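Next come the chains, spelled out residue by residue.
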Amino acid sequence: MKINVTENVTSTPCEVLVIGKFEGEKTPIEFVNEYVIEKDKFEGKFGETYLIHTLGKLPQDKILVVGCGKKEDFNAVKMSEVTSKAVKKLQQIKAKKALFDFDVKEDYGKYAAIGAFIADYYFDKYKSEKKDRVEEITFAKFSAKQVEEGIIFGEAMKFTRDLANEPAQNATPSKLAEIALGIDGIDTKIYDKEQCKEMGMGAFLAVGQGSAQPPKFIHMKYSVENPKKRIAIIGKGICFDSGGLDIKPAASMLTMKDDMSGAACILGVMKSLKALAPDIEVHGIIAACENMPSGSSYKPGDILTAKNGKTIEVDNTDAEGRLTLADALCYASELGVDEIIDIATLTGACMVALGTIASGVMGNSEELIQEIIKTGEESGEKFWQLPMFKDYFNGLKSEIADMKNTGSRFGGASAAGVFLQEFVDCPKWAHIDVAGTAFLDKPQKEFISGATGVGVRTILNYILK
Ligand code: BES
Ligand code: MG
Ligand code: ZN
């Protein structure tokens, strides 16, 4: 989909003109007020749409009126949602070109573009029959700069969704490494198995040792002169999670190609930095491997030594994400960055707690956690804080090592959090659990089923703050 900006407004001929209508208010177009509002009593409740043919009375063939709800409740995120609604409607009527003319703040253009991208998304590269797509959208009145930023965000999300939707047969650790190496404006270093061994990454390597696919540790760096601060963002990169020897039942394994959604998010973010040019240094880190059962797999009872020297008794090979993140967190801590944020499809327990609606967030810095929650709200993504009481660590106590990788089934998201904390040496760290939000079984709001690209909008906005 192509997105343009124009200053020419309602006189431009086009297939469909899309306008917004607030509850209790008229629109700037008399024709619409007369037929849609007065005659047909269209109220403009949030997300409702009304399509009207102009029968030659206006330069546009059709007008799509989108309900924007109450004017006082409207905001940038809602702009994104109504734009998604409109694009979905345009797809339905097989429209190819549309002009959007909304009477709202001109800086909502960023979120309009994001909404358009979200709704335009289909993963149909493997389908013989492709979806109906809107080819071109032109936004009137919005600032071109804001729309451009929205396009960068939208493209980042699309990239992340494509990568997380890609079958594990293709989205291998080596593929992630190749993508990272190809990102413009970023310095990338890939560590292979031997180099990871030298660095002492015993936890990460154990997880990958049962797979035919070699593990890859990926470190990307975006630098600027005199950075305001230095941060590391880490994405869980399990390219397939079979559970390992503690193998998952078929139904739970079905979507486990998505277990690198955190990594896909980090790649999407890193890919956008050159164009967005933030004034901070950003390290993108991914410990990529597969969790597979085989004769060479790590086993329950094995004792692993992580990069910081701490030992872990393997209680369950399906709690692999925290093992790979452990070494990634040690690595990031050694960089001496000011802040670390990790994003991971980490626990089914988080999904049970928050469903597919909100991602869990926890960490050692209340300030950072609150900032992520707030930035999420502004970005259209929901985050909910989960506790990290020390008591959760009791369940992880081991008789023969410093800790076990799992304990009780209950409070599993928090237990994973306190486990990760053992490997963090940084005063500001937040852990985001996206197990429930990264991949949808069925459509939800403006998202089709499959990968959502969760985290991209919030982390990018956080970096730009
Ligand atoms: N990748 C899964 C978590 C997950 C579950 C992600 C559902 C997305 C949807 C993770 O590696 C895992 O298997 N976690 C186990 C941990 C348990 C063994 C303590 C879980 O949540 O069941
Ligand atoms: Mg697992
Ligand atoms: Zn996993």
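Everything numeric in this text was worked out from a predicted model, so none of it was measured. (Residues numbered from 1 in each chain as written. Chains lettered and ligands numbered in written order. Predicted model: local features only at pLDDT ≥ 70, side-chain atom pairs only at ≥ 80, totals over all residues. Heavy atoms only, no water.)

### Here's the deal with the coordination of the magnesium ion (ligand 2)
Then step 1. Looking at the metal site, the magnesium ion (ligand 2) is ligated by Asp241 (OD), Asp318 (O), Asp318 (OD) and Glu320 (OE), spaced 2.1 to 2.2 Å from it.
Then step 2. Around the magnesium ion (ligand 2) sit 6 donor atoms; with metal-centred angles ranging over 71 to 168 degrees, the donor geometry is irregular.
Then step 3. Separating the magnesium ion (ligand 2) and the zinc ion (ligand 3) is a distance of 3.2 Å, and Asp241 donates to both of them.
Then step 4. A relative accessible area of 0% means that Glu320 is categorised as buried. (Donors = N, O, S within 2.8 Å, 3.2 Å for Na, K, Ca; no water. Tetrahedral: all angles 85-135°; square planar, octahedral: opposite > 155°, others 65-115°. Buried < 20%, exposed > 50% of the residue type's maximum accessible area, 1.4 Å probe, protein only.)

### Notes on the side chain of Lys216
Then step 1. Of note, Lys216 is situated in strand E8 (residues 216–222).
Then step 2. Within the buried core, Lys216 has no salt-bridge partner, and the shortest N-O distance to an opposite charge, that of Asp192, equals 6.0 Å.
Then step 3. Here Lys216 is in contact with Pro173, Ser174, Ala177, Ile190, Tyr191, Phe204, Ile286, Ala287 and Ala288, once residues within four sequence places are set aside. (Helix = DSSP H or I, 4+ residues; strand = E, 2+ residues; numbered from the N terminus. Lys, Arg positive; Asp, Glu negative; His and termini not counted. Salt bridge = Lys/Arg side-chain N within 4 Å of Asp/Glu carboxyl O. Contact = heavy atoms within 4.5 Å.)

### Section: the site of ligand 1
Then step 1. Of all residues adjacent to ligand 1, which total 16 residues, the nearest are Asp241, Lys248, Asp318, Glu320 and Gly348.
Then step 2. Taking Asp259, its side chain carries an N or O atom lying 2.9 Å from a nitrogen atom of ligand 1.
Then step 3. In this structure, a nitrogen atom belonging to ligand 1 sits 3.4 Å away from a main-chain N or O atom of Thr345.
Then step 4. Isolated, ligand 1 exposes 520 Å² of accessible area, and the fraction of that covered by the protein chains is 77%. (Near = heavy atom within 4 Å. Polar contact = N/O pair within 3.5 Å; in protein donor to acceptor, adjacent residues only side chain to side chain. Areas by Shrake-Rupley, 256 points an atom, 1.4 Å probe, with all protein chains shown as cover.)

### Quick word on the pairing of strand E4 (residues 60–69)
Then step 1. Most of E4 is tucked away, with 9 of its 10 residues classed as buried.
Then step 2. Pairing of strand E2 (residues 14–22) with E4 involves 8 bridges; the strand directions are parallel. Each residue of the ladder has a partner; that of Lys21, found in E4, is Gly67.
Then step 3. Relative to E4, strand E3 (residues 49–53) runs antiparallel, the two being bridged by 5 bridges. Each bridged residue has a counterpart across the sheet, and for Tyr50 the counterpart in E4 is Val65.
Then step 4. Here E3 hands over to E4 after 6 residues, with Leu55 in that stretch at a positive phi of 50 degrees. (Pairing = 2+ DSSP bridges.)

### Here's the deal with the domain arrangement of the protein chain
Then step 1. Considered domain by domain, the protein chain is made up of domain 1 (2–142) and domain 2 (154–464).
Then step 2. Opposite the 15 residues of domain 1 that make contact, domain 2 presents 20 residues.
Then step 3. Summed over both partners, the interface of domain 1 with domain 2 buries about 1,500 Å², with 60% contributed by carbon and sulfur atoms.
Then step 4. Connecting domain 1 to domain 2 are 2 salt bridges.
Then step 5. Residue Lys445 pairs with Glu81 through a salt bridge whose shortest N-O separation is 3.1 Å.
Then step 6. Sorting the residues of the side of domain 1 that touches domain 2 by element identifies helix H2 (76–92) and helix H3 (109–120) as the ones contributing at least two each. (Domains from an automatic or database assignment. Buried area = accessible area lost by both parts, 1.4 Å probe.)

### Some thoughts on the coordination of the zinc ion (ligand 3)
Metal coordination angles have textbook ideals: 109.5 degrees for a tetrahedral set of four donors and 90 or 180 degrees for an octahedral set of six.
Then step 1. Donor atoms from the polypeptide that bind the zinc ion (ligand 3) are Lys236 (NZ), Asp241 (OD), Asp259 (OD) and Glu320 (OE), placed at 2.0 to 2.4 Å.
Then step 2. Coordination of the zinc ion (ligand 3) draws on donor residues from a single chain, spaced K-x4-D-x17-D-x60-E in sequence.
Then step 3. Under the relative-accessibility criterion, Asp241 is labelled buried at 3%.
Then step 4. Using a relative accessible area of 2% as the deciding quantity, one classes Asp259 as buried.

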